Amino acid sequence: MRKVNVNDIREMSWDSPKGNFAGAGREVSEALGKNPASTDLRDRHPFDLEILRIPPGKKPYPYHSHSAQWELYHVISGKGMVRHKDGTTEIEPADAFLFKPDEPHQLSNNGGEDLVLYVIADNPIGESGYYPDSKKWIVRSPERRLMRSEALDYFDGEE
């Protein structure tokens, strides 16, 4: 058995160039030995667990969907909003919600304290994603990449 205490996992933070997006996360699965570049599920793990923290007034990432990945969210503390294909929904502690592949989504913290959530995602190989607001795609493949296109910055067209 492998065990970690989440308080001992270094929190990684990020923000966008213009400051519209910001967040922080503790990668629990990686602390438990997950190798994200592996195609072997024993090393890659069949799911990911992250503790996501979103500061007040921020969104952690642009509105997006995944081609194959499922994401389950569970709110631990704080309040916020989820943007989805049917509009927006308020979220608060103890709420849980799920996004299937091809369901666009985005979280935002519209409260006065950090919004903290567990994010559990399956871990498909060859995942891609679409960003409806900026009309761009992201393609992930741990081993081989063949592409013909100009590379874009992650936040291109988002701020």
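Please refer to the structure higher up on the page.
Reading the values: the criteria
- Residues numbered from 1 in each chain as written.
- Predicted model: local features only at pLDDT ≥ 70, side-chain atom pairs only at ≥ 80, totals over all residues.
- Heavy atoms only, no water.
- Helix = DSSP H or I, 4+ residues; strand = E, 2+ residues; numbered from the N terminus.
- Patch = residues over 30% accessible without salt bridge, like charges linked within 9 Å, V, L, I, M, F, W, Y side chains within 5 Å.
- Areas by Shrake-Rupley, 256 points an atom, 1.4 Å probe, with all protein chains shown as cover.
- Salt bridge = Lys/Arg side-chain N within 4 Å of Asp/Glu carboxyl O.
- Buried < 20%, exposed > 50% of the residue type's maximum accessible area, 1.4 Å probe, protein only.

> How should I be thinking about unusual backbone geometry in this particular structure?
Of note in this structure, histidine 45 is not a glycine but carries a positive phi near 75°. By secondary structure assignment, the location of histidine 45 is in the loop between α2 (41-44) and β3 (47-54). The backbone phi angle of aspartate 102 is positive, close to 70°, even though this residue is not glycine. Inspection of the secondary structure assignment puts aspartate 102 in the loop between β8 (96-99) and β9 (105-108).

> Whenever I open this one, a nonpolar patch on the surface confuses me. Can you help?
On the surface, a cluster of nonpolar side chains totalling about 610 Å² of accessible area is made up of Phe47, Trp70, Leu72, Ile76, Leu98, Tyr118 and Ile120. Mapped by element, the contributors of at least two residues to the nonpolar patch are β5 (71-77) and β10 (115-122). In this structure, tryptophan 70 sits in the loop between β4 (65-66) and β5.

> What is the right way to look at the pattern of salt bridges in this model?
Side chains carrying opposite charge are able to pair once their charged atoms draw close together. Taken as a whole and assessed by the stated rule, the structure comprises six salt bridges. Taking the shortest distance from any N to any O, the salt bridge between aspartate 114 and arginine 53 comes out at 3.2 Å. Here the residue aspartate 114 occupies a position in the loop between β9 and β10, and arginine 53 occupies one in strand β3, the gap between them amounting to 61 residues. Judged by relative accessible area, which is 28%, aspartate 114 ranks as partly exposed. Judged by relative accessible area, arginine 53 falls into the partly exposed class, the value being 24%. A salt bridge links arginine 83 to aspartate 133; the shortest N-O distance between them is 2.8 Å.

Function cannot be inferred from these measures alone, as they are strictly geometric.
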